[in-house]
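Okay, here's what each chain looks like letter by letter:
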Amino acid sequence: MTQASARSLDVPADATIPSRHPKAPGVGERIPPHNPACRGCADVPGGIHMESWVDDDRGEGGDPGVGVAVRSRMAVTDDMQGGPGLIHGGYLMAAFDECLGSVAPLVTRSCVTARLETDFRAPVPVGTTLWLRARLDGVLRRKYFVSAEARLDSEDGPLVGTARALFVQVDLQHFLRHGRAEDLEAIGASAEQIRAARG
Ligand SMILES: CCCCC/C=C\C/C=C\C/C=C\C/C=C\CCCC(=O)SCCNC(=O)CCNC(=O)[C@H](O)C(C)(C)COP(=O)(O)OP(=O)(O)OC[C@H]1O[C@@H](n2cnc3c(N)ncnc32)[C@H](O)[C@@H]1OP(=O)(O)O
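Conventions adopted
Residues numbered from 1 in each chain as written. Predicted model: local features only at pLDDT ≥ 70, side-chain atom pairs only at ≥ 80, totals over all residues. Heavy atoms only, no water. UniProt positions renumbered as here; feature names shortened; annotations may be inferred. 1 Å grid on protein atoms, 1.4 Å probe; cavity = no way out; pocket = protein on both sides within 12 Å on 5 of 7 lines; lining within 4 Å. Points joined across faces, edges and corners; volume = space filled by probe spheres on them. Helix = DSSP H or I, 4+ residues; strand = E, 2+ residues; numbered from the N terminus. Nonpolar A, V, L, I, M, F, W, Y, C, P; charged D, E, K, R; others polar. Near = heavy atom within 4 Å. Polar contact = N/O pair within 3.5 Å; in protein donor to acceptor, adjacent residues only side chain to side chain. Areas by Shrake-Rupley, 256 points an atom, 1.4 Å probe, with all protein chains shown as cover.

- Looking up the protein in an unreviewed UniProt entry gives the name Acyl-coenzyme A thioesterase THEM4, with the organism given as Actinomycetospora endophytica.
- In the Sequence similarities (unreviewed entry) part of its UniProt record, the protein is described as follows: "Belongs to the THEM4/THEM5 thioesterase family."

**Observations concerning the layout of surface pockets**
Here's step 1: What the largest pocket holds in volume is close to 1,200 Å³.
Here's step 2: Taken together, 43 residues line the largest pocket, and the ones lying closest to its centre are His34, Asn35, Ser110, Cys111 and Phe175.
Here's step 3: Broken down by secondary-structure element, the contributors of at least two residues to the lining of the largest pocket are β1 (51-55), α2 (89-101), β3 (111-120), α3 (172-178) and α4 (181-186).
Here's step 4: Element by element, the count of residues in the lining of the largest pocket is highest for α2, at four residues.
Here's step 5: Looking at side-chain class alone, the lining of the largest pocket contains 23 nonpolar, 12 polar and eight charged residues.

**Brief notes about the site of the ligand**
Here's step 1: Near the ligand you find 22 residues, and of these Asp97, Ala114, Arg141, Arg142 and Lys143 are the closest.
Here's step 2: Arg7 places a side-chain nitrogen or oxygen 3.4 Å from a nitrogen atom of the ligand.
Here's step 3: In the model, an oxygen atom of the ligand is placed 2.7 Å from a nitrogen or oxygen of the Lys143 side chain.
Here's step 4: Taken by itself the ligand offers 1,400 Å² of open surface, and the protein chains cover 64% of this.
Here's step 5: Every element with two or more residues in the shell around the ligand is listed here: α2, β3, β6 (159-169) and α3.

This is how it looks when you write it as structure tokens:
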């Protein structure tokens, strides 16, 4: 296999699609913030204030659907501006990252974004609302392949962006080893745990 194909976002033929974890929120339920300081999903100044729910498993246009999907909503505010009156592309990518990143934790433990590809299909004016839907396309070992679309002002509004991503499952050590100690302590990690993880 070449290096290029090994890092592709195409779903491998031997990938599977597991069901939601029994302790994960059910269809229609709100997905709570995964970290009280998250600029994606928590209610903090400077955040994008994304709200997400577990979606049903319907597929797009006749495809039979998958078991795990997330619906998200984000108000496009003045402070997200790039071009005059338009969203900065990085904010759309942040919205995709957050929505896509909420899918795998419904199945497994923590995952982090390894690769994210975004197609910007149409301009997004400030003052609108983005509606996103992400779904799990396949899992192979620690790799979670997900895809999403973003629409304007309603769940079936005009398509403004699509994205594909790979999330890689990590254990608690990933955060304990790399995160700033004061932020880890704020969510309950002990100084001893942090020291031990860093050897
Ligand atoms: C007390 C503490 C508690 C803390 C917990 C708190 C909260 C977290 C909980 C849940 C999160 C829930 C929701 C999150 C929602 C949204 C948040 C957005 C998510 C983010 O915003 S997160 C920030 C940005 N993100 C990073 O900060 C990652 C930096 N990065 C790394 O940390 C490493 O890079 C890592 C871990 C990715 C891999 O490293 P590694 O050593 O573990 O594994 P390795 O390299 O072996 O890769 C394994 C297999 O993935 C393939 N692979 C790897 N990278 C690839 C790539 N780029 N393209 C294609 N394939 C790739 C390999 O080819 C191999 O594939 P194969 O199995 O086929 O060989």
